[in-house]
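What the coordinates show
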Amino acid sequence: MRIGIVILPDQRWSEARRRWAQADEWGFDHAWTYDHLGWRDLVDGPWFDSWTTLTAAATVTSRVRLGTLVASPNFRHPAAFARQVTALDDVSDGRVLLGLGAGGIGFDSAVLGGETLPPRQRVDRFAEFTELLDLVLREDGTTWRGEWFTAVDARNNPGCVQRPRVPFVVAANGPRSMRLVARFGQGWVTTGLGGDDLDAWWGTVAELSDRMTRTLEQTGRDPATLDRYLSLDSAPVFSLTSADFLAEQVARAARLGFTDVVTHWPRESSWYAGDEAVLVEAAAMLPELRRVA
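First things first, this report covers the structure right here in the doc. Quick caveat, the model's predicted, so the values are computed rather than measured.

Things to note about empty space enclosed by the protein
Overall, the coordinates contain one cavity of 30 Å³ or more when judged by the stated rule. Of the voids in this model, the largest cavity is the one considered here, and its volume is about 30 Å³. Every residue along the wall of the largest cavity is listed here: I3, F28, L240, L246, T263, L279, A282, A283, L286 and L289. Put simply, the parts of the chain that give the lining of the largest cavity at least two residues each are α9 (276-284) and α10 (286-290). The dominant element in the lining of the largest cavity, judged by the number of residues it contributes, is α9, at three residues. Of the residues contributing to the lining of the largest cavity, the split by class is nine nonpolar, one polar and no charged.

Here's the deal with the pattern of salt bridges
Using the criterion set out here, one finds 17 salt bridges in the structure. Residue D10 pairs with R267 through a salt bridge whose shortest N-O separation is 2.9 Å. One end of the pair, D10, is in the loop between β1 (2-6) and α1 (13-26); the other, R267, is in the loop between β10 (260-264) and α9, and 257 residues separate them in sequence. Note on R267: relative accessible area 15%, which makes it buried. Measuring nitrogen to oxygen at the nearest pair gives 3.8 Å for the salt bridge that ties R63 to D24. One end of the pair, R63, is in the loop between α2 (50-59) and β3 (65-71); the other, D24, is in helix α1, with 39 residues separating them in the sequence. For R63, a relative accessible area of 37% gives the class partly exposed.

Quick word on unusual backbone geometry
Trans is the prevailing form of peptide bonds, just as negative phi is the prevailing case for residues other than glycine. The omega torsion across N157 and P158 is 15°, close enough to zero to call that bond cis. With respect to the element layout, P158 can be found in the loop between β6 (150-154) and β7 (168-171). In this chain, R163 is followed by P164 through a cis amide linkage whose omega measures 5°. Within the secondary structure, P164 is located in the loop between β6 and β7. The residue D153 is not glycine, and still its phi comes out positive at about 55°.

Quick word on the pairing of β7
In summary, the side chains of a regular strand alternate between the two faces of the sheet. In the sheet, strand β4 (residues 96-100) pairs with β7 via three bridges, with the strands oriented parallel. Counterpart to L98 in the pairing with β7 is F168. The pairing of β7 with strand β8 (residues 187-190) spans three bridges and is classified as parallel. Within β8, the residue paired with A171 across the bridge is V189. Between β7 and its parallel partner β8, the chain crosses via helix α6 (residues 175-184), and the hand of that crossover is right-handed.

A short note on the packing of helix α3 (residues 78-91) against helix α5 (residues 119-138)
With their axes 9 Å apart at the nearest point, α3 and α5 run at an angle of 50° to one another. Relative to α5, α3 is oriented oblique. Here α3 runs over α5; the crossing is right-handed. Mapping the contact onto sequence places P78, F81, A82, V85 and T86 in α3 and F129, L132, L133, V136 and L137 in α5.

Looking at the side chain of S231
With respect to the helices and strands, the residue S231 is situated in strand β9 (residues 227-231). Residue classification places S231 among the buried residues on the basis of a relative accessible area of 7%. With near-sequence residues (within four places) excluded, S231 lies in contact with T190, T191, W201, V262 and H264.

Some words on the pairing of β1
Counting buried positions along β1 gives four out of five residues, so the element sits mostly inside the fold. One ladder, built from five bridges, connects β1 with β10; its direction is parallel. Opposite I3, over in β10, you have V261 as the bridge partner. With respect to chirality, the unit in which β1 leads through α1 into the neighbouring parallel strand β2 (residues 30-33) is right-handed.

Considering the side chain of D29
With respect to the helices and strands, the residue D29 is situated in the loop between α1 and β2. Among the residues examined, D29 registers a relative accessible area of 16% and is labelled buried. Among the polar contacts listed, one links the side chain of D29 to the side chain of R290, at a separation of 3.0 Å.

Cut-offs used in this document
Residues numbered from 1 in each chain as written. Predicted model: local features only at pLDDT ≥ 70, side-chain atom pairs only at ≥ 80, totals over all residues. Heavy atoms only, no water. 1 Å grid on protein atoms, 1.4 Å probe; cavity = no way out; pocket = protein on both sides within 12 Å on 5 of 7 lines; lining within 4 Å. Points joined across faces, edges and corners; volume = space filled by probe spheres on them. Helix = DSSP H or I, 4+ residues; strand = E, 2+ residues; numbered from the N terminus. Nonpolar A, V, L, I, M, F, W, Y, C, P; charged D, E, K, R; others polar. Salt bridge = Lys/Arg side-chain N within 4 Å of Asp/Glu carboxyl O. Buried < 20%, exposed > 50% of the residue type's maximum accessible area, 1.4 Å probe, protein only. Pairing = 2+ DSSP bridges. Right-handed = clockwise from strand over helix to strand, strands pointing away. Axes fitted to C-alpha atoms, helices over the stretch in contact; angles between N-to-C directions. Parallel < 35°, antiparallel > 145°, perpendicular 65-115°, else oblique. Left-handed = near helix turned anticlockwise from the far one by under 90°. Contact = heavy atoms within 4.5 Å. Polar contact = N/O pair within 3.5 Å; in protein donor to acceptor, adjacent residues only side chain to side chain.

Keep in mind these values describe shape, not function.
Right under this line is the structure:
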């Protein structure tokens, strides 16, 4: 079991730097940030660009893998984004994990003045975004004319440090997105399905995990070739309520076949409100947590 942590981009670098460096020192396997122009009710508070934050984080860390949870086509074009991905993979010496998702409704989809797409069209756009991004990251000189994106002789030189490209960790709960995981993903990440009951939420996680396995088998892919990531804090109870509670949640994820789990750096209030002292205690338990599988 690998353990990751999300550090929201809501702190000035004078504070955020300490968090990223500490996550590396503590031994977290991966560290992530959200890729939004603004997020939920935090849109009115401090918020910083994810890719600049990750690049800075790469310079104060040495081993932890770095990624977006998740980037989306809401405000990104694959040809331009590929350049950013390639640069970060170079700066970090091949430590990028690229979380990708369809993009939700809300501030990201409205701030640029575009229309809010219905779910089917968001998945259509995501499928094209993922396929084109994969192509540009792997091949130099890509020309593409699709329904959502156009690229003319898009370049990728020198390409990613990781070959043939950085790993895609694709967010998916529905059948069509899961087929994208099977085709393009080195990892799959799920948030489960919402609800106020913890056991019911875990029930949805189990159902989605079974659906992902069936999708892989139906497409002829060995399920053992896919890493499975679970965002623990999509549950109705914050995973860092206590270190012991985190250990229980990690064990439940392992029993369902997940290879990776992700928690969040505690905040003073609102989303992921908690006590940093619990995080310190949990970090000391990382070797034990990894052995739950």
